[in-house]
Amino acid sequence: MAEFFHGRFRSLHCSAPFWSLRGVEETRELLAVRQDTIEPPRISLNRGAMLTVVTDGGYGYCATSDLSHTGLQAALDRAGAWAEATCDRSVHCHSPQDMGAPRGERVGSGCVRASPSRSEIFDLLADECRQARGDPRIVERYTALELREVEQVYFTNTGGDVRQRSSSAAPYAHVAANEGTDTQTRSFAHARQGGVETIGTSGFPGCGARLADEALKLLAAPNCPAGTMDLLLMPDQMALQIHESIGHPLELDRILGDERNYAGTSFVTADMFGRYQYGSPLLNVTFDPTIDAELASYAYDDEGTPAQKVWLIRDGLLERPLGGRLSQLRAGLRGAANARACDWNRPPIDRMANLNVEPGTSSLADMIASVERGVLMRTNVSWSIDDSRNKFQFGCEWGELIEDGVIKRVVKNPNYRGVSSAFWRSLRMVGDARTFEVHGTLYCGKGEPNQAIDVGHAAPACLFSAVEVFGGENP
Amino acid sequence: MKEQFFEIASGLCEALRRDETLLCRLSGERSDFARFNHARVRQAGSVEQRLFSIRLIRARRQASASLALTGRADDLETAHAALAGLRETLAQLPEDPWLLIAEEPRSTSTGRRGRLPAPEEVVSAVTTSAHGLDLVGFYAAGTIYRGFANSFGQRNWHEVDSFNCDWSLYLHADKAVKQSYAGFAWDTSAFESLLQDGARRLELLGRPSRTLEPGEYRAYLAPRALEEVTGLLSWSGFSARARATRTSPLLRMEHGETLSRMVSLAENTRESIAPPFQQDGFAKPDKVDLIARGELADALVSPRSAREYGLAANAANGRETPEALDMAPGSLRAADALAALETGLYIGNLWYLNFSDRAAGRITGTTRFASFWVEGGRIAAPVNAMRFDDTIYRMLGDNLADLTADRELLLDGSTYEERSTASAHLPGALLRSLRFTL
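The rules behind each value
Residues numbered from 1 in each chain as written. Chains lettered and ligands numbered in written order. Predicted model: local features only at pLDDT ≥ 70, side-chain atom pairs only at ≥ 80, totals over all residues. Heavy atoms only, no water. Domains from an automatic or database assignment. Contact = heavy atoms within 4.5 Å. Buried area = accessible area lost by both parts, 1.4 Å probe. Salt bridge = Lys/Arg side-chain N within 4 Å of Asp/Glu carboxyl O. Core = buried A, V, L, I, M, F, W, Y, C linked by side-chain atoms within 4.5 Å. Buried < 20%, exposed > 50% of the residue type's maximum accessible area, 1.4 Å probe, protein only. Helix = DSSP H or I, 4+ residues; strand = E, 2+ residues; numbered from the N terminus. Polar contact = N/O pair within 3.5 Å; in protein donor to acceptor, adjacent residues only side chain to side chain. Nonpolar A, V, L, I, M, F, W, Y, C, P; charged D, E, K, R; others polar.

Q: What am I meant to see in the domain arrangement of chain B here?
A: One frequently used descriptor of interface size is the decrease in accessible area upon assembly of the parts. Residue and element names in this part refer to chain B. For chain B, the assigned domains read domain 1 (2-205) and domain 2 (215-436). With centres defined by C-alpha atoms, the gap from domain 1 to domain 2 works out at 24 Å. Each side of the interface is counted separately: domain 1 has 50 residues, and domain 2 has 35 residues. Of the roughly 3,200 Å² buried between domain 1 and domain 2 on both sides combined, carbon and sulfur atoms contribute 59%. On inspection of domain 1 and its partner domain 2, the count reaches three salt bridges. Across the salt bridge formed by Arg55 and Asp280, the nearest N and O atoms sit 2.6 Å from each other.

Right, here's the structure in full:
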């Protein structure tokens with residue numbers, strides 16, 4: 001694929017001082033079993049290219065699935081016309097000299113095309129689906145595996161040549177149990193880079209029976225108590241907490257106002273970097289595209305900026321935003337290599353990639369033992385946060401009431417709410433490396449035109465104090 | 001695009017073996033996109049895409065594949081390769097007990113030609129007209145194509161030229177007026193008129209803002225705010241599969257809970273811009289009643305659910321979500337909404353809704369953009385973002401005082417993967433009480 005795009009790229013002509021071709025080929029295969037019935041397999045091959053032109057002052061793009069020379073040349077011409085049309089009315093005075101000419105390659109680990117066969121995968125999915133059966137209160141059982149391979153190239157007329165490949169095999173399952181007017185769900189997700197060889201150690205084998213058992217336990221459980229208390233978030237819910245109340249507020253394009261019409265603005269302002277205490281001194285947050293198994297690992301972002309680990313929050317102090325090359329120029333701030341596009345038909349914007357909370361020193365047992373009254377929560381089920389990314393309310397599938405340092409019982413419909421700017425300062429214990437887990441999501445939405453992209457979040461378990469916690473039924 | 005799609009479909013159908021059935025689908029667009037910040041261009045470009053999908057059926061087995069077409073002669077060869085791949089896949093599959101396809105050919109050709117200027121002209125109009133304003137927004141325009149063909153000879157085509165310009169005028173921080181201008185024929189003077197109206201409304205946001213204490217307040221939800229509520233309910237609320245698996249957020253309505261008799265919701269395909277056929281080629285009925293005078297009516301039934309649960313299919317999409325939601329009007333004149341509210345919150349937009357307790361129909365979200373505190377029927381002050389947490393049975397049940405007689409047709413501006421053809425036709429809603437928590 002890379003050579004095909006390179007050949008086409010070399011045949012194109014443009015008089016602009018800078019132009020580039022970003023080509024993407026993605027294959028996906030979704031295999032699923034629902035209620036012991038194999039769902040029709042869905043296979044997709046998506047291939048296209050985005051041509052980008054930068055002139056003195058202007059920028060334009062055109063994306064097409066017509067990969068003939070004629071089609072790509074027409075797209076390049078259209079991108080050039082957009083650059084000319086916007087050169088005197090852009091929010092930033094673009095300069096061809098600011099565009100890099102990166103050269104490099106990355107091949108991610110794993111392969112989704114190796115064994116097991118499709119039949120063997122269906123056997124695995126069917127087995128876990130079947131294992132969730134058995135109690136008449138179990139009303140829905142679903143297991144799935146999404147296989148994905150992505151190959152990307154980025155060529156510039158200034159000599160840039162970047163080639164990257166990655167793969168992921170993401171198993172997923174959910175089980176719902178019902179009794180009267182109550183339905184409870186437990187789910188499993190494992191979104192990481194790597195091939196099918198990762199399924200065996202993902203926790204997927206055996207999850208069917210576990211999820212069914214836990215959904216039934218939730219049906220029988222009391223509602224989560226309400227009150228101000230300690231909150232122990234396990235890594236899969238930490239992923240959501242980081243995503244919504246650190247990741248999005250630190251996106252520099254939000255801070256610059258680009259997203260105010262859609263995804264929202266940020267309570268963080270440009271003058272806070274270097275002096276704002278974002279969280280307690282225990283909070284350390286990094287942008288790290290170098291962890292091989294994490295979902296959004298890469299060597300170069302989609303504008304060709306080399307990717308490396310950087311600290312965004314150190315000892316609670318806000319250091320730098322999530323801003324790619326262009327946003328950094330606009331804001332005069334140092335950022336990260338996070339200009340990313342979800343596909344060939346969407347332009348790069350500031351996105352999260354791998355955004356992680358670094359491990360601390362507390363064991364999970366010590367954290368639980370330190371809680372006089374609180375709730376442990378895992379697996380996100382509900383997320384809502386205001387457009388400044390400040391007032392939030394999140395809910396989980398699973399809760400466990402902790403009293404006097406001991407887990408007492410399962411509680412259902414656990415929710416909590418707070419304000420980002422205060423919440424992270426209530427962080428009082430951070431789990432050690434033994435509690436550290438890598439998670440991620442394939443669907444983070446943002447941008448105009450809209451883009452849903454994959455992001456990774458790794459974190460230890462974390463303990464927060466004095467959080468407003470509550471359960472279901474009437475507010 | 002139409003001729004090319006039907007040629008490929010026919011070419012594949014001719015190559016079918018005797019016991020094979022083929023469904024083909026095209027989802028394409030030629031779009032121009034321009035996003036703005038501070039009344040200048042942030043990013044502008046164009047996208048041309050053709051996503052072609054085929055579903056092969058043999059001996060009650062089925063599998064599907066999709067690929068991006070180039071629009072060139074080699075597409076047929078690529079499609080043949082995908083067909084061959086599906087034949088191999090079918091050999092590994094058992095029979096699908098929930099397979100249901102449309103075998104009676106019902107060909108249609110629908111669409112709407114628009115009048116869209118060169119996108120550079122719109123960019124010039126927006127940046128010039130908004131000079132001096134802090135406008136941030138997005139213009140998307142062009143032609144959307146949807147096609148279906150099958151080996152029974154059915155051919156469907158739907159082609160619409162449309163534009164959707166959606167923007168916010170900011171005063172400061174998060175205080176903004178949200179506006180949109182969507183349709184089929186762009187008129188710069190109409191855009192400018194809206195912009196001037198928005199600029200006037202900005203003055204209201206200049207008043208000192210008020211932070212409300214958590215509690216219960218009377219509230220008026222403008223149609224855009226109500227769209228967020230119905231949008232959340234559409235997340236499995238009207239799905240036959242969700243009803244059958246007891247996972248619907250309207251679960252309690254299956255146990256006798258009701259909404260106000262003022263609430264009637266329908267999937268009204270006849271009055272929308274969505275194609276009149278769904279992805280498997282089933283012709284959509286003009287209208288499906290979802291909630292009738294406060295009580296659950298029909299569900300959206302996809303062909304797959306129809307087979308699984310022994311129901312009559314009504315051509316719902318695979319996710320069984322509305323694409324043309326229509327809410328019956330009430331009796332309140334929109335112009336009288338502030339007076340009827342008297343004292344309380346006027347909510348122009350809601351944001352980021354989700355469930356606090358899905359089974360109980362309890363939802364949460366925040367106010368956004370221009371939301372105001374109203375006293376004596378007059379706007380008193382903008383309010384800072386507030387979080388509500390309440391049940392749908394209170395909001396659209398006991399606490400629903402009235403719906404407006406005037407409704408707004410809201411074209412969905414979503415552009416995830418492709419430009420949406422969904423829409424909603426909604427009134428505003430006056431609530432006696434809405435619970436705010438943060």
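After presenting the structure, the write-up continues.
Q: Looking at this model, I keep getting lost on the nonpolar core. Mind explaining?
A: Where a protein is soluble and globular, its nonpolar side chains tend to be buried together. Within the largest apolar cluster, 59 residues are counted, with the highest numbers of intra-cluster contacts made by Ile246, Leu250, Tyr278, Tyr416 and Phe464 of chain A. By size, the runner-up hydrophobic cluster in this structure holds 53 residues, among which are Ile121, Phe122 and Cys129 of chain A together with Ala65 of chain B.

Q: Just to check I follow, could you spell out unusual backbone geometry for this structure?
A: Outside of glycine, negative phi angles account for most residues, and trans bonds account for most peptide bonds. In this chain, Glu448 of chain A is followed by Pro449 of chain A through a cis amide linkage whose omega measures 0°. Positionally, Pro449 of chain A belongs in the loop between strand E21 (437-446) and strand E22 (451-459). Phi is positive for Ala39 of chain B, close to 60°, though the residue is something other than glycine. When you line up the elements, Ala39 of chain B lands in the loop between strand E1 (20-37) and strand E2 (40-58). Looking at Ala39 of chain B, the relative accessible area reads 7%, which means it is buried.

Q: Please clarify how the domain arrangement of chain A should be interpreted in this entry.
A: Residues and elements named next belong to chain A. Here the domain parsing of chain A yields domain 1 (2-220) and domain 2 (227-470). Every contact between the two is made by 43 residues of domain 1 and, on the other side, 39 residues of domain 2. Applying the counting rule to domain 1 against domain 2 returns four salt bridges. Measuring nitrogen to oxygen at the nearest pair gives 2.6 Å for the salt bridge that ties Lys412 to Asp182. The tally of links between domain 1 and domain 2 comes to 20 residue pairs in polar contact (both at pLDDT 80 or more). Those elements that provide at least two residues to the side of domain 1 that touches domain 2 are strand E1 (18-34), strand E3 (42-54), strand E4 (59-64), strand E5 (103-107), strand E6 (138-156), strand E7 (161-179), strand E8 (182-189) and helix H4 (207-220). Here the side of domain 1 that touches domain 2 is composed, by residue class, of 14 nonpolar, 15 polar and 14 charged.

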